[in-house]
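Close look at the chain arrangement
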Amino acid sequence: MATEDGAEPIAIVGMACRVPGAGDVESFWRNLIGGVESVTWFDREHQLALGVPPAELDDPAFVPAAPVLADFDAFDAGFFGLSAREAAVADPQHRLFLELAHTALEHAGHDPAREDLAVGVYAGTGGEAYAYEHLRPSGAGEFHLDLSMWNFPDYVSTLASYTLDLRGPSLTVHTACSTSLVATHLACEALRGGECDLALAGGVCVELPHGRGRIAIEGGVHARDGHCRPFAAGATGTMWGSGGGVLALRRLSDAERDGDHVHALIIGNAINNDGADKVSFSAPSPNGQAEVIAQAVAVAGVDPRSIGYVEAHGTGTELGDPIEFDALRRVYGAGTADRQWCALGSVKSNIGHLSQGAGVAGVIKAALAVGRGVIPPTVGVDAPNPALPLADSPFTLTTELTPWSGNVRRAGVSSFGFGGTNAHLVLEQAPPPAPRQGDRPAVHVLRLSARSAPALASAVDRLAAHLAEHRGLDLADVAHTLRVGRAEHPHRAVVAVPDGGDGADAAAALRDPARVRLAEASPGTRVVLLLPGQGAQFPGMGARLFDTEPVYRDALRECAHLLRGDLDLLALVHGHDADALRRTENTQPALFAVEYALARLWQSWGLRAEGLLGHSVGEYVAATLAGVFTVADAVRLVAARGALMATLPPGAMLAVAGSEAEVAASLPPGLDLAAVNGPATCVVAGPVELIAEYAARAGAGVTPLRTSHAFHSAMTEPVVDRFRALVAAVPLARPAIPFLSNRTGDWITDEQATDPDYWARHLREPVRFGAALARLAAEGRWLPLECGPGRQLGSLARAAG
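Residues numbered from 1 in each chain as written. Predicted model: local features only at pLDDT ≥ 70, side-chain atom pairs only at ≥ 80, totals over all residues. Heavy atoms only, no water.

Examining the sheet that holds strand E28 (residues 782-786)
What counts here: Two strands qualify as a pair provided that DSSP identifies no fewer than 2 bridges between them. Each helix corresponds to a stretch of at least 4 residues labelled H or I by DSSP, and each strand to a stretch of at least 2 residues labelled E; elements are numbered beginning at the N terminus. Contacts were defined at the residue level, with two residues in contact if any of their heavy atoms lie within 4.5 Å. Here the axes come from fitting lines to C-alpha atoms, over the contacting stretch only for helices, and the angles between their N-to-C directions go from 0 to 180 degrees.
Reading across the sheet, the 4 strands line up as E27-E22-E21-E28 and stay open at both edges, with parallel pairing between neighbours. Looking at which strands have only one partner, the edges of the open sheet turn out to be strand E27 (739-740) and E28. Where helix H30 (residues 769-779) meets the sheet, its contacts fall on strand E21 (526-531), strand E22 (609-614), E27 and E28, and the angle it forms with E22 comes to roughly 155 degrees.

Spelled out as C-alpha cells, the structure:
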C-alpha cells in the first residue's frame with residue numbers, strides 16, 4: 001500500500017505520553033474527551049518556596065499558574081540499570097524520555113532484546129536548566145563526563161539507544177517548538193528509506209523551576225489570564241507546560257505482516273523553513289506554513305476535502321493564531337466552495353504548550369481521534385476570535401465532544417517552531433485488521449513480569465483494570481503480546497483463561513490469588529526438556545493441541561507424512577485403540593512424533609531449552625532437537641527400531657523400589673537391570689514368565705509397566721547389529737544443544753553422538769536416567785520441564801531433588 005506519490009504509509013503501532021493531568025495515553029484521552037484543562041494554580045507560599053522574588057509576586061501581571069507534570073522528579077533508576085548517582089545527576093527530561101521510549105516499545109508489543117529489529121530514535125528536549133539551576137550552584141556540577149552526558153540535550157536520543165540497546169539510527173533534533181513533529185517526520189523518512197525497522201519519535205520538556213508562575217507581558221506570548229485559548233476571542237497567549245510523548249512507528253507492510261495493532265497511519269509528512277519571509281526571526285510566516293501544509297497533503301495524495309480535522313499548532317497568541325488560520329485556509333480551502341466541513345482544535349487548550357513535546361502530543365490526540373471516531377473539544381473557547389473569517393473558511397472550532405463519521409477519517413497535525421522550522425502531518429485511520437486465521441488455543445496464558453514483587457502486583461492490577469475496561473479485547477492477542485512483546489524480568493505471574501472468555505473473565509482470573517501462579521526466576525537458571533520413553537503413551541494424546549495449535553499440528557503432520565505407507569500415525573495417536581498403541585512398532589514412532597511436536601510448540605512460544613534429557617526412545621527426540629539427526633532420518637530410524645523390537649519375543653518390564661545394588665543383587669538369571677531412574681527407583685526387564693515370578697516373590701514395591709517387550713535387556717541382542725547398520729546409513733552431526741546420555745548418565749560427547757555403535761548399544765544397555773538427574777542437580781540452575789504426554793519424568797526429577 002502506498003500513497004499516489006509512492007510513499008508507503010507509516011503505522012503508529014505504539015504511543016506513550018506523560019502530560020499535565022495524565023500519566024499515560026488512556027488517562028490523557030479521558031481528559032481530552034472530558035474537556036479537562038490541566039492548569040494548576042499556586043498560592044504565594046509555593047511560589048516563594050520556588051525562589052520567586054516578592055516583588056515579582058506583587059506585580060499585577062504575575063500569573064501564579066502552570067501546566068505541571070506529576071512525579072517529574074520520580075525515576076526508577078535500577079529498572080534502567082542506572083546508579084542512584086547517575087539518576088540524581090540526570091536531567092529530568094532525559095529521564096522522562098527514557099521512560100517514554102520504554103513505554104512506547106511495550107505499547108507497540110516489541111521487545112528489541114528478543115527481536116531482530118533495527119530500532120531508530122529521533123528525539124529532542126528543552127535546554128540545560130537542570131544543570132545550571134540545580135547541579136552547578138550546589139557543586140554537583142563537578143562530575144565525570146559520563147555523568148554530565150545525562151544533561152546535554154544533544155544526547156537524549158543516543159543515551160536512550162545505549163540504555164535500551166537500540167541499534168538503529170539515533171538523532172537528536174532541535175527545532176524549538178516543532179521538535180517532536182520534525183523528529184516524527186525524520187523517523188517516517190528513515191523507515192521509508194529502510195534505515196530502520198521500527199522508529200521511536202518524540203520529544204519532552206520539563207520547565208524548571210517546576211510550577212513557577214510568570215509575568216505575562218502585554219503583547220507577549222504568555223497568557224495573561226492563565227489559560228491557553230486557541231482561536232478564541234479574548235485569548236491572551238499560551239501557557240508553558242511540561243511533558244512529552246513518544247511514538248513507535250513502523251512501515252505499514254511490516255506492521256500488517258507481524259500483526260501489530262495500528263492506531264493510525266501517517267500518510268503525508270513534510271517540513272520546511274520560513275527563511276527570511278517574515279517580519280522577524282521569531283515571527284511566524286503564513287507563506288512558510290502554507291507551503292509545508294500543502295506539501296504534506298500532496299505527499300498524502302488525498303483531496304484536502306477528505307481531511308475532517310486539523311490539530312493545529314494553536315498557541316492562543318494574538319499574532320500566531322490568525323497567521324496559522326490564514327495558512328490553513330489557503331491549503332484546505334483551495335479549489336472548493338464548501339464551508340465549515342473541517343473541525344479545528346488544539347490540545348494546548350488542555351495541557352498548555354509543551355515546547356519540544358508539543359507536536360507529539362498533538363499527534364497522539366489526532367491518532368486517537370481518527371481511531372476512535374470522536375473529536376475532543378477545544379476548551380476555553382466561549383467565542384471564536386473575531387479576526388478569523390471562520391464562516392468563509394473550511395473550518396469550524398470544536399468546542400464540544402463531536403462524533404466523527406465518514407468512510408475514512410483523516411486529520412492534519414501542525415507544529416511550528418521559533419526560527420521558522422515548520423512541520424505538518426496527515427493522519428488516516430488504520431485499515432481494518434486482517435481476519436484471524438487458524439484455530440484458537442483452548443486456553444489463553446497471560447503472563448507478566450517485573451523487577452520486584454510490588455511492581456509485579458501493580459502490573460497485575462493494571463492489566464486486570466485494563467481488561468475489565470476493554471472487555472472486547474481478543475485474549476489471544478493479549479496473550480501473544482504479553483508473551484513476545486514485553487521485556488522479561490525476574491518476578492513472574494501467569495494465569496490461564498479458557499478460550500471464549502472476555503476481558504472481564506480475564507480480569508476476574510487476575511484478581512483471584514488462587515488462579516494466579518507466582519514465581520521468581522533465578523539468574524542463570526536453564527531449562528532442560530525431559531523427553532519420556534515407552535509407557536507414557538495413551539490414546540488421544542495431544543488431540544486438543546492438534547485441533548488448536550498450528551505449530552504442533554504441522555510438526556505432527558510432518559512426522560505422519562514421513563511415515564506414510566508404513567503407519568497411519570494420526571489415526572493411531574488420536575484414536576481409541578489402546579492395544580494398537582501399546583504395540584512397540586507403533587508406540588515408538590507415536591511417542592517420538594508427539595514429543596517432537598510438543599518441543600516445537602514450546603519453541604514457538606519462546607522457550608529456549610539449553611539442555612535435553614530423553615528416556616530411552618526420548619533420547620532420539622533429544623538428538624533430533626539437537627541436530628544430530630534430521631527429523632526425516634530420526635522418524636524412520638525410530639520406526640525401524642520399533643519394528644525390529646516387534647520381531648522379538650514378548651517381554652515385560654517392572655518398576656522396582658530399591659537401589660541399583662539392591663535390585664541387581666535380587667535378580668535371577670534371565671532378568672536384567674533395564675533402567676536406574678533414581679537412588680531407589682529401578683526397572684527390570686526380561687521374559688514375561690520370569691518377570692511374573694519375580695513380581696510374585698517381591699510382593700509390594702513393584703509396578704508393571706505398559707510395555708510389550710523387554711527393552712534394554714538381553715532380549716534385544718538379536719537386533720542390535722541390524723540397527724547399527726541402519727544408523728550407519730544416515731548422516732550424524734555434532735549436537736548443537738547439549739543432551740545427556742542414557743548410557744553414561746553424563747553429557748554426551750560429539751564422538752558418542754555421531755557413533756552408530758552408541759545408538760546400537762543404546763538398545764541394549766540400561767537407561768541411567770537417575771545418574772543424569774544427579775548430574776543436573778550437581779551443576780545446579782537446571783529447571784526440568786517434561787515435554788511428553790505424561791508426568792512420569794517430572795515426578796522422577798522432583799523425587800531426585
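There is more to say after this.
Some thoughts on the nonpolar core
Here is the rule: For our purposes a nonpolar core is just a set of buried Ala, Val, Leu, Ile, Met, Phe, Trp, Tyr and Cys residues, chained together by side-chain atoms within 4.5 Å. Here the term buried applies to any residue with accessible area under 20% of the maximum for its type, exposed to any over 50%, and partly exposed to those in between, with areas from a 1.4 Å probe on protein chains only.
Ranked by size, the top nonpolar core spans 82 residues in total, and within it Leu569, Phe592, Leu613, Phe739 and Trp759 carry the most contacts. A per-element tally of this core places helix H22 (residues 584-604) first, with 10 residues. Once you skip the residues sitting within four places of it in the chain, leucine 569 turns out to touch Leu556, Cys559, Ala560, Leu563, Pro589, Ala590 and Ala593. Counting residues in each nonpolar core, the second largest holds 74 residues, with Ala87, Ala101, Leu105 and Val262 among its members.

Remarks on helix H29 (residues 756-764)
Formally: The term polar contact refers here to a pair of N or O atoms within 3.5 Å; inside protein, the definition further demands a hydrogen-donor-capable atom paired with an acceptor-capable atom, and it admits residues adjacent in sequence only when both atoms are side-chain atoms.
Residues of H29 that are buried: Tyr758, Trp759, Ala760, His762, Leu763 and Arg764. Buried residues along H29 sit in contact with helix H23 (618-625), helix H24 (631-646), strand E24 (672-678), helix H27 (717-728), E27 and helix H28 (750-753). A side-chain oxygen of the first residue of H29 lies 3.0 Å from the backbone nitrogen of aspartate 757; this N-cap is aspartate 755.

Some points on the environment of leucine 510
Topologically, leucine 510 is positioned in helix H17 (residues 503-510). Taking relative accessible area as the criterion, leucine 510 reaches 7% and is therefore assigned buried. Distance in space between the C-alpha atoms of leucine 510 and leucine 390 is 52 Å, their sequence separation being 120 residues. Among residues more than four places away in sequence, those in contact with leucine 510 are Leu448, Val460, Leu463, Ala464, Leu467, Val495 and Val516.

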